[in-house]
There are 2 protein chains.
Amino acid sequence: MSNQQTSLQPRYKKGKLKLIEATLESLMAEGSEGASIRKICDRANVSIGLVNYHFTSINELLAAAYKHLSMGVLSAAVEKSEVHAGDPRRCLSAFMEEIFSHKVLQPSVLRAWLVFWGMVDSSAAIRMAHDEVNTASWEFLEKIIIGMDQQSKVKLSPRLAAIGLSSMIDGLWLEKCLQPDTFTAIEAVRLCEFWVDAIA
Amino acid sequence: MSNQQTSLQPRYKKGKLKLIEATLESLMAEGSEGASIRKICDRANVSIGLVNYHFTSINELLAAAYKHLSMGVLSAAVEKSEVHAGDPRRCLSAFMEEIFSHKVLQPSVLRAWLVFWGMVDSSAAIRMAHDEVNTASWEFLEKIIIGMDQQSKVKLSPRLAAIGLSSMIDGLWLEKCLQPDTFTAIEAVRLCEFWVDAIA
DNA sequence: TAAAATACTATACAATCGTTCAATTTATTC
DNA sequence: GAATAAATTGAACGATTGTATAGTATTTTA
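Residues numbered from 1 in each chain as written. Chains lettered and ligands numbered in written order. Predicted model: local features only at pLDDT ≥ 70, side-chain atom pairs only at ≥ 80, totals over all residues. Heavy atoms only, no water.

Engineer: It is not clear to me how the protein's contact with DNA strand C should be interpreted in this structure. Could you clarify?
Structural biologist: Among the 17 residues in the neighbourhood of DNA strand C, the closest are listed as Ser-47, Tyr-53 and His-54 of chain A together with Ile-37 and Arg-38 of chain B. Restricting attention to atoms of DNA strand C within 4 Å of the protein, one finds that 46% of them are sugar or phosphate atoms. Residue Tyr-53 of chain A places a side-chain N or O atom 3.0 Å away from a phosphate oxygen belonging to DNA strand C. Elements supplying a minimum of two residues to the surface near DNA strand C: α3 (49-54) of chain A together with α2 (37-44) of chain B. Counting residues per element, the surface near DNA strand C draws most heavily on α3 of chain A, which supplies 4 residues. Here the surface near DNA strand C is built from residues that sort into 8 nonpolar, 6 polar and 3 charged. (Near = heavy atom within 4 Å. Polar contact = N/O pair within 3.5 Å; in protein donor to acceptor, adjacent residues only side chain to side chain. Helix = DSSP H or I, 4+ residues; strand = E, 2+ residues; numbered from the N terminus. Nonpolar A, V, L, I, M, F, W, Y, C, P; charged D, E, K, R; others polar.)

Engineer: Just to check I follow, could you spell out the interface of chain B and chain A for this structure?
Structural biologist: By convention, interface size is frequently given as the accessible area that disappears when the constituent parts associate. In this complex, chain B contributes 39 residues to the contact, which on the side of chain A involves 38 residues. Carbon and sulfur atoms make up 61% of the surface buried where chain B meets chain A, a total of about 3600 Å² over both sides. Considering only the side of chain B, the residues that lose the most area to chain A are Leu-178, Leu-191 and Phe-194 of chain B, jointly responsible for 17% of the buried surface there. Where chain B meets chain A, there are 4 salt bridges. (Contact = heavy atoms within 4.5 Å. Buried area = accessible area lost by both parts, 1.4 Å probe. Salt bridge = Lys/Arg side-chain N within 4 Å of Asp/Glu carboxyl O.)

Engineer: Looking at this structure, I do not really get the pattern of salt bridges. What am I missing?
Structural biologist: Where charged atoms of side chains with opposite charge meet at close range, the side chains can pair. Residues and elements named next belong to chain A. All told, the structure shown has 26 salt bridges over all chains when counted by the stated rule. As a salt-bridge pair, Arg-90 and Asp-87 come within 3.3 Å of each other at their nearest N and O atoms. Since its relative accessible area comes to 51%, Arg-90 is described here as exposed. On the accessibility criterion, Asp-87 (27% relative accessible area) is partly exposed. Within the structure, one salt-bridge network assembled from shared partners comprises Lys-80, Glu-97, Glu-98 and Lys-103. (Buried < 20%, exposed > 50% of the residue type's maximum accessible area, 1.4 Å probe, protein only.)

By themselves, these are just geometric observations and shouldn't be taken as functional.
Following this line, the structure appears as structure tokens:
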């Protein structure tokens, strides 16, 4: 995963960012067992007191990490697709190519997401981070599909089409995490392309 | 959730089953925080020592609960679809109607699944339960799609079509769990029906 | 350069966890 | 009904957790 900050990601000072990055590494390596301040601080080579210095609780740190990871991926995908502004169909292809790229479609990255999803219900901060990321992602997809619809009427409402595509993406991520050898990245892209062609 | 045992679910003695059911209740109510032997045994009104009497570890209990829940749902869906044996398209509709029924599409039920998914990587027993459930489900779907293919050639390989449908189902379940108000059960069924029609 | 602000350390605390196991209770067998 | 087997209890244990905080170190400001 690239450590460059992107346009949708919040900005953090060095010390905070170090903890956020260590958190992602820890979750990616160990799943939910990596969501421990001692493990995170071992990775960051700092003392555990720093978590409560920089964040109000471990959940705030986890929420920041979730947002950092997800907005990073979303930003990259949005940027890649905006190259094709004016052609919604190509926008979607570029978006899908990025979110199923080898940078993202690694079991370790997906494992971190799975951990975050599992925490959405039990932490208000993580809930907020999730809602923000999810809404941004889903609205982007819907906007592109509305663009397709304006060129040539699509067969599902853009809202429903976006929900379908978003769900398939999530489901493929989940499956790739749980059973990595079931399908390839190329097949994942192909399935989503099929969906997009089916609504057009 | 019905407490009747179904054809794919293993059989357990009363004491074991009581713990399994309490486990599901606990996860459904509290998510991953409910995966605690004290919370589970409180619900079952038994002493915590019983977990290690009936199971070798809490992970074995969790694996049994995962299998119990999932095979219960899969059995019901398979049974419902088998009424339409000989008509693969109707089989799939019946299957989808069951898996998006109000019995299943409750945030609490989906929450339990999310907890289990999050544990797949860190417990061999849960990994095994997951692989078994996932394989049964996916093979069933593929078999029906092969049936469709034999009647009239489908546009994706049955394997890939099954992966796509399975992913969409998982994704819709996940989304429904994380943001329950985004879409209705009817819309979920509609999206999957659209997928099935798109491959035909 | 001294003072103020920020960053960081290390320890302690209370709480919770899953595993273990001797003792007790209940159910089954003969 | 006595003996055996199975089920159950409850306490103890060592391990781990996140939060809190006084003290120390480093950086920034004037």
